[in-house]
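Here's the letter readout for the chains.
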Amino acid sequence: MKNFKYILLALLFTSVFSCEIEEISDPNNPSLVDIEADATKSDILLLITGTEELMRSEIGFYYDVLGILGREYYFFTNSDPRYTGELLGKGDAVLDDAGFYGTRPYAGRYKVIRNANILMTALENTSETLTEAERNGIKGFARTCQAYSYLLALNLQYQGGIRIDVADAENLGAFVGYDAALADIASLLDQAYTDLNGAGDEFMFSLSSGFAGFDDPATFGEFNRAIRARVALYAGDEAGALDALGDSFMDLNGNLDMGPRHYYSVVGTEEINPIFRTPDQSEALIAHPSFVTDIRTGDARMSKVTERTETAVLDGLSGDYDVTVYPSNASPIPIIRNEELILIYAEANIGTDNIEAIDALEVIRDAHGLGVYTGGFTDANVRDELLYNRRYSLFGEAHRWIDLRRYDLLQTLPKDRAGDDVWTQLPRPVSEKE
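Residues numbered from 1 in each chain as written. Predicted model: local features only at pLDDT ≥ 70, side-chain atom pairs only at ≥ 80, totals over all residues. Heavy atoms only, no water.

J.: Outline the overall build of the chain, listing residues and values.
T.: Regarding its fold elements, the chain presents 13 helices and 8 strands. Its C-alpha radius of gyration of 22 Å places the chain within 12% of the 22 Å reference for a compact globule of 434 residues. C-alpha extents for the chain along the principal axes are approximately 65 × 50 × 40 Å. Going through the 434 residues of the chain one by one, you find that 57% of them count as buried. Considering only contacts within the chain whose residues lie at least 6 apart along the sequence, 72% involve residues at least 24 apart. Looking at the chain as shown, the accessible area adds up to about 17400 Å², and 47% of this sits on carbon and sulfur atoms. Distance between charge centroids for the chain: 3 Å, based on 36 positive and 70 negative side chains. (Helix = DSSP H or I, 4+ residues; strand = E, 2+ residues; numbered from the N terminus. Rg over C-alpha atoms; globule rule 2.2 N^0.38 Å. Buried < 20%, exposed > 50% of the residue type's maximum accessible area, 1.4 Å probe, protein only. Contact = heavy atoms within 4.5 Å. Areas by Shrake-Rupley, 256 points an atom, 1.4 Å probe, with all protein chains shown as cover. Lys, Arg positive; Asp, Glu negative; His and termini not counted. Charge placed at Lys NZ, Arg CZ, Asp CG, Glu CD.)

In structure tokens, the structure reads:
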């Protein structure tokens, strides 16, 4: 894949929302003002590529922070004690509103949103001849990427809320609370889906190989509906989740790993999977011991961790298994997978059709060596089975902390040292304080 650093023209500003542009040293690169005033087709294509590229921006921090908060794993490193201190609430430690673990994943999401806003402005102002279908395809792509980015930012901030109206960097909108933000994200996804339905058979642009199979209006629309199903589930709208799944790429008989991904390669350090760590090193992602003690006999998802030659010990914590969800530094990171969609389908059926929910869960169980479900059929029974499977199927994909928060079960997470805390949300970044 190309190195796209030179195309991220929209990111040459001093803060996430500032419009102040730094000097552009390459005279062949048009300025942001030029792009917004009269973008060429090439400018628009570069902004599209940049938007997808930016979806990976700071994403490693997002996954690691949520994995640590949800006691899926530890990050053992001597370079920064905050991973085992502040994030785990050690002693008197509290979360820092200027801490990188909150500011960097949050800022990364708004880089995508900002870039997509510039893309939309460029599309509105260009004098290039574009068909209505081409314009709809660009808008559907941009709005879907924005909605996904808003959702991840909201996952970090939770009841603290996020800004939705950020198109005018000099006049930012107010913070929107959790429920209202979910509704706004759902609306943006629906608007994008309408755009995609009017975008013809093909996009006028290309996406990376991470979107192979999801790179035309119809299949990208299936990705849009997959994210929409996740949003509906978070909002407690089970009927809405099922409706969205019906237009998504969910396939009860399909490959569980099917879905769009963040692409990585070994070409250049900027394109290396940021979550991968070489196993059996002193700096490592260490699976929380409960991952091993709680897993059921015969569950093939034990393969997501690898036993170390020696126990890792740091800061009063220890573990015997490395996280090996991603086998190499070129492994892609899933954005959303068919396995998650099947689990959403199961969850959305609990309470109205528990048999259908169990049938879906048996798809997951069968795939991982557990066979036929033999538990109870009450809502509580099926929900427990769901949460077990979400824990192990989506391990390392930044879901457990959110799932237990949704079910008001964060208090069930282990506290490994006296005085440790389990946090509900990240503090609002200091740069965002009003």
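Don't stop here, the text continues.
J.: Let's hear about the packing of helix 8 (residues 238-246) against helix 10 (residues 338-349): which residues, and what values?
T.: At their nearest, the axes of helix 8 and helix 10 sit 9 Å apart, and the two run at 145° to each other. In this structure, helix 8 crosses over helix 10, and the sense of that crossing is left-handed. Two secondary-structure elements touch here, helix 8 through Glu-238, Ala-241, Leu-242 and Leu-245 and helix 10 through Leu-341, Ile-344, Tyr-345, Glu-347, Ala-348 and Asn-349. The residue inventory of the contact of helix 8 with helix 10, partitioned by class, reads 7 nonpolar, 1 polar and 2 charged. (Axes fitted to C-alpha atoms, helices over the stretch in contact; angles between N-to-C directions. Left-handed = near helix turned anticlockwise from the far one by under 90°. Nonpolar A, V, L, I, M, F, W, Y, C, P; charged D, E, K, R; others polar.)

J.: With reference to specific residues and values, describe the nonpolar core.
T.: Ranked by internal contacts, the top residues of the largest apolar core, which has 128 residues, are Tyr-62, Tyr-150, Ile-162 and Ile-185. The residues touching Ile-185, leaving out its near neighbours within four places in the chain, are Ala-147, Tyr-150, Leu-151, Leu-154, Ile-164 and Val-231. (Core = buried A, V, L, I, M, F, W, Y, C linked by side-chain atoms within 4.5 Å.)

J.: Which residues make up helix 12 (residues 379-393), and what values do they have?
T.: The periodicity of an α-helix, 3.6 residues per turn, causes residues three or four places apart in sequence to face the same way. The first and last C-alpha atoms of helix 12 sit 21 Å apart over 15 residues, in line with the 21 Å expected at 1.5 Å per residue. Where helix 12 is concerned, the buried positions are Val-382, Glu-385, Leu-386, Leu-387, Tyr-388, Asn-389, Arg-390, Arg-391, Tyr-392 and Ser-393. Buried positions along helix 12 lie against helix 7 (217-234), helix 9 (289-294), helix 10, helix 11 (354-367) and helix 13 (400-406). (Expected span 1.5 Å × (residues − 1).)

J.: Now, about unusual backbone geometry: what can you tell me, with residues and values included?
T.: Of note, the phi angle at Glu-58 is positive, near 60°, even though the residue is not glycine. Relative to the assigned elements, Glu-58 resides in the loop between helix 2 (41-54) and helix 3 (59-69). Not every positive phi belongs to a glycine, and Tyr-158 is a case in point at roughly 50°. Along the chain, the position of Tyr-158 falls in the loop between helix 5 (132-157) and strand 2 (162-163).

J.: So what about the packing of aromatic side chains? Which residues, and what values?
T.: Considering all chains together, one arrives at 22 aromatic pairs under this definition. Aromatic side chains Tyr-74 and Phe-76 sit 5.5 Å apart centroid to centroid with 5° between the ring planes, which places their arrangement in the stacked category. Residue Tyr-74 is classed as buried on the basis of its relative accessible area of 2%. When the ring of Phe-291 is compared with that of Phe-395, the centres are 4.4 Å apart and the planes differ by 40°; the resulting orientation is tilted. Placement of the pair is Phe-291 in helix 9 and Phe-395 in the loop between helix 12 and helix 13, with a sequence separation of 104 residues. For the pair Phe-291 and Phe-395, one class covers both residues: buried. Here a set of aromatic residues connected by ring pairs shows up, and it is made of Phe-141, Phe-203, Phe-205, Phe-211, Phe-220 and Phe-223. Just above the ring of Tyr-193 sits the side chain of Arg-225; from NZ or CZ to the centre is 4.3 Å. Over the ring of Phe-75 we find Arg-277; its NZ or CZ atom is 4.3 Å from the centre of that ring. (Phe/Tyr/Trp six-rings, centres within 6.5 Å; stacked < 30°, edge-to-face > 60°. Lys NZ or Arg CZ within 6 Å of the ring centre and 35° of its normal.)

J.: Before we move on, could you go through the packing of helix 5 against helix 7 and cite the residues and values that matter?
T.: Look at helix 5 against helix 7: their axes get within 11 Å of each other, and the N-to-C directions meet at 30°. For the element pair helix 5 / helix 7, the angle class is roughly parallel. In this structure, helix 5 crosses over helix 7, and the sense of that crossing is left-handed. Residues Gly-140, Phe-141, Thr-144, Tyr-148, Leu-151, Leu-152 and Asn-155 of helix 5 touch helix 7, and the partners they reach there are Phe-220, Phe-223, Asn-224, Ile-227, Arg-230, Val-231 and Tyr-234. (Parallel < 35°, antiparallel > 145°, perpendicular 65-115°, else oblique.)

J.: Outline a negative patch on the surface, listing residues and values.
T.: Where like charges cluster on the molecular surface, the negative patch consists of Asp-237, Glu-238, Asp-243 and Asp-247. By relative accessible area, which is 37% here, Asp-247 ends up partly exposed. (Patch = residues over 30% accessible without salt bridge, like charges linked within 9 Å, V, L, I, M, F, W, Y side chains within 5 Å. Salt bridge = Lys/Arg side-chain N within 4 Å of Asp/Glu carboxyl O.)

J.: Go over the confidence of the model for the chain, please, and point to the residues and values.
T.: Averaged over every residue, the pLDDT of the chain is 91; the share at 70 or more is 90%. Taken together, the stretch residues 1-31 has pLDDT below 50 and engages in 56 contacts with residues farther than four places along the chain or on a different chain. (pLDDT = per-residue confidence, 0-100.)

J.: Give a description of the pattern of salt bridges that names residues and reports values.
T.: Taken as a whole and assessed by the stated rule, the structure comprises 23 salt bridges. Here Glu-340 and Arg-230 are joined by a salt bridge, their closest N and O atoms 2.8 Å apart. In this pair, Glu-340 is assigned in helix 10 and Arg-230 in helix 7, connecting sequence segments 110 residues apart. Residue Glu-340 shares its accessibility class with Arg-230, and that shared class is buried. Taking the shortest distance from any N to any O, the salt bridge between Glu-339 and Arg-337 comes out at 2.9 Å. A residue is classified by how much of its surface remains accessible, and Arg-337, at 5% relative accessible area, is buried. Bridged by salt links that share partners, the residues Lys-90, Asp-315, Arg-417 and Asp-420 form one connected network.

J.: Please give an account of helix 6 (residues 178-197) that cites residues and values.
T.: Taking 1.5 Å of rise per residue, 20 residues should cover 28 Å, and helix 6 covers 29 Å from first to last C-alpha, within 8% of that figure. Among the residues making up helix 6, those that are buried are Tyr-178, Ala-181, Leu-182, Ile-185, Ala-186, Leu-188, Leu-189, Ala-192, Tyr-193, Asp-195 and Leu-196. Packed against the buried residues of helix 6 are helix 5, strand 2, strand 3 (175-176) and helix 7.

J.: Outline the environment of Gly-396, listing residues and values.
T.: Structurally, Gly-396 can be placed in the loop between helix 12 and helix 13. Assessed through its relative accessible area of 4%, Gly-396 is described here as buried. Sequence spacing of Gly-396 and Gly-319 is 77 residues, and the spatial spacing of their C-alpha atoms is 16 Å. Dropping the residues within four chain positions of it, Gly-396 is found in contact with Tyr-63, Glu-72, Tyr-73 and Tyr-326.

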